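Here's the letter readout for the chains.
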Amino acid sequence: MRPLQMVDTKNQYQKIKKEVDEAVIAVLNSSQFIGGKVVNNFAEHLANYNGSKHVIPCANGTDALQIAMMALGIKAGDEVITPSFTYIATVEVAALLGITPVFVEVDPKTFCIDPEVIEKAITPKTKAIVPVHLYGQAANMEAIMAIASKYNLYVIEDNAQAIGSDFFFSDGTQKKTGSIGHIGCTSFYPSKNLGAFGDGGAMFTDDDELAITLRMIASHGQSSRRYYHDVVGCNSRLDAVQAAILDIKLGHLDEYIQARRKAADFYDKSFSGNKHIEIPFRAENNTHVFHQYTLILHDVNRDQLNLFLAEKGIPSMIYYPVPAHKQKMFEQFGSDKIELPITDWLTQRVISLPMHTELDEEQQQFIVNHVLEFINQSSI
Ligand SMILES: *Cc1c(COP(=O)(O)O)cnc(C)c1O
C-alpha cells in the first residue's frame, strides 16, 4: 500500500507531469514572469468555468479577502458578520483593516454560517456578510443573498475550500460558489482543490466597476495610467509559472472533484449507521466538493483516536481546534466574551481523514478498518 497522507499532491503531479513541465518551461523561456498572456488566459478560463464575468488573480486567498473588503469600502469601525468556525484568514484580514468581525454560529450539519442568526447580528455598522463554504460545502447562499438585499449589505464569499461547487436556487437556477455574492474569493494554496505549486489566489465578480477597483487595489492602487496611484492599495500578484500550472489543473478540476466525491462515498458507506460517527451532511442545495472529509465523533476520545491512527501511519487532522472567537488575536474586540456553543461543540468533536484525488480503495479500507477498530474497542 502506498503511504497515507492528508493530501497527495506528489502523485497527482505525476499524472500531469508532462503537460505541467512543458507549460512551466514555456514560461521560463518566455521570461514573462509577472502578468502577461499566461496569467490573463488562466483568468479568462477560470471566469468561464465559474460563470463569473471577471476574475482578478492575486497572490493568495488571504489577500483576495482583504482586497475584497478594501474594494467595497469597508473600513475601520465597520462590522462584518462571519462564522467563527473557519480558518483564521477569513477574519484576520477584517481585523487588520480595523473592521470588527462579528462572529455568529454555524449550522451544525453543514458547518457553514447559519442564516437564521445573521439578522440578529446586524447593526447600523454592518457592511457585509462573509460566508465560508467550509470543507467544500456551500453555505445557504439563497438565504444569505436574501438577507443581504433586505438590509443592503455586501456578500463576500470565502470560496477557498469549495471551488467548483454548484449551488441550486429554489427557482431552478444554478451557479458556482464564488459567483453568487458581490465578490467571491479563492485560494490556490497547494492543498486546495485547485492548488498551485506555490501560493496564489483570485477574486470573482460580475460587477465591472468593482473589477476595476479590485484590480487597482491589487496593483498599488494604480489607475489605468502607469505611476498614477488613485487609491491606497497593496501588491498582490499571481505569477505566470503558477498561472500556467493552474490553467492545466483547471482542465482537470471536475475530474478531481469526482475523485474526491468518490472517496467520500466510500467513507460514507463504511461509516454510516455507526452511532459514534456522524458522516458529513450533504445539503440538497449544493454539490459538496469535499475539500475535507470531516466526521463528528460522538462519545469518542478524539485525541486518542488521532494518536492510534498516527501509530498505524494514518494522518488525521482537527480543522480547527480553536474557533476564531477564542483566538487571542481577537481579545481586543471582546470576542472571547461571546458565546457560540455550537461552534465550541463542533471544535471539540470534528476530525478530518485523508482526502484527496489519489486515494485508492486499499488505502481507504485500511483507514476505515482502523477507525472502526479504535471505536469498537474503546467506546461505550
Ligand atoms: C486557505 C484558506 C484561506 C486563505 O488562503 P491562502 O491562499 O492560504 O492565503 C482563506 N479561507 C479559507 C477558508 C481557507 O481554507
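Source: prediction; values computed, not measured. (Residues numbered from 1 in each chain as written. Predicted model: local features only at pLDDT ≥ 70, side-chain atom pairs only at ≥ 80, totals over all residues. Heavy atoms only, no water.)

Section: the domain arrangement of the protein
Interface extent is often summarised as the accessible area lost during association of the parts.
At step 1: According to the domain assignment, the protein contains domain 1 (9–250) and domain 2 (253–378).
At step 2: The centre of domain 1, based on its C-alpha atoms, is set 24 Å off from the matching centre of domain 2.
At step 3: Facing the 44 residues of domain 1 at the interface are 39 residues of domain 2.
At step 4: Taken together, the two surfaces of domain 1 and domain 2 that pack against each other cover about 3,700 Å², and 62% of this comes from carbon and sulfur.
At step 5: Looking only at domain 1, the three residues that lose the most surface to domain 2 are Glu-105, Tyr-135 and Asn-193, adding up to 19% of its buried area.
At step 6: At the junction of domain 1 and domain 2, the tally comes to 1 salt bridge.
At step 7: The partner of Lys-15 in a salt bridge is Glu-358, with the nearest N and O atoms 2.6 Å apart.
At step 8: Between the two partners, domain 1 and domain 2, sit 23 residue pairs in polar contact (both at pLDDT 80 or more). (Domains from an automatic or database assignment. Contact = heavy atoms within 4.5 Å. Buried area = accessible area lost by both parts, 1.4 Å probe. Salt bridge = Lys/Arg side-chain N within 4 Å of Asp/Glu carboxyl O. Polar contact = N/O pair within 3.5 Å; in protein donor to acceptor, adjacent residues only side chain to side chain.)

With respect to the site of the ligand
At step 1: Not every one of the 14 residues close to the ligand is listed here, only the nearest: Gly-61, Thr-62, Asp-158, Ser-187 and Lys-192.
At step 2: A distance of 2.8 Å is found between an oxygen atom of the ligand and a backbone nitrogen or oxygen belonging to Gly-61.
At step 3: Between the ligand and Lys-192, the relevant distance is 3.1 Å, taken from an oxygen atom to a side-chain nitrogen or oxygen of the residue.
At step 4: In isolation the ligand has 380 Å² of accessible area, and contact with the protein removes 92% of it.
At step 5: Those elements that place two or more of their residues in the shell around the ligand are helix H3 (61–71) and helix H4 (89–96).
At step 6: Counting residues per element, the shell around the ligand draws most heavily on H3, at 3 residues.
At step 7: Here the residues of the shell around the ligand are counted per class, giving 5 nonpolar, 7 polar and 2 charged. (Near = heavy atom within 4 Å. Areas by Shrake-Rupley, 256 points an atom, 1.4 Å probe, with all protein chains shown as cover. Helix = DSSP H or I, 4+ residues; strand = E, 2+ residues; numbered from the N terminus. Nonpolar A, V, L, I, M, F, W, Y, C, P; charged D, E, K, R; others polar.)

Re unusual backbone geometry
Glycine aside, a negative phi is what most residues show, and trans is what most peptide bonds show.
At step 1: Omega for the peptide link from Tyr-319 to Tyr-320 comes to 5°, which places this bond in the cis form.
At step 2: Inspection of the secondary structure assignment puts Tyr-320 in the loop between helix H10 (302–311) and helix H11 (341–349).
At step 3: One non-glycine residue, Ser-31, adopts positive backbone phi at about 50°.
At step 4: Counting through the fold element by element, Ser-31 comes out in the loop between helix H1 (9–30) and helix H2 (37–50).
At step 5: The backbone of Tyr-227 shows a phi angle near 70°, a positive value even though the residue is not glycine.
At step 6: For Tyr-227, the position within the fold is in the loop between helix H7 (208–218) and helix H8 (240–250).
At step 7: Given a relative accessible area of 60%, Tyr-227 falls into the exposed group. (Buried < 20%, exposed > 50% of the residue type's maximum accessible area, 1.4 Å probe, protein only.)

Considerations on the pattern of salt bridges
At step 1: By the definition in use, this model includes 13 salt bridges.
At step 2: In this structure, the salt-bridge partner of Asp-344 is Lys-326, at a minimum N-O distance of 3.1 Å. Taken together, the positions of Asp-344 in helix H11 and Lys-326 in the loop between H10 and H11 put the pair 18 residues apart, joining distant regions of the chain.
At step 3: Accessibility expressed as a relative area gives 44% for Lys-326, which makes it partly exposed.
At step 4: Three or more residues are tied together by salt bridges with common partners; here these are Arg-2, Asp-8 and Asp-360.

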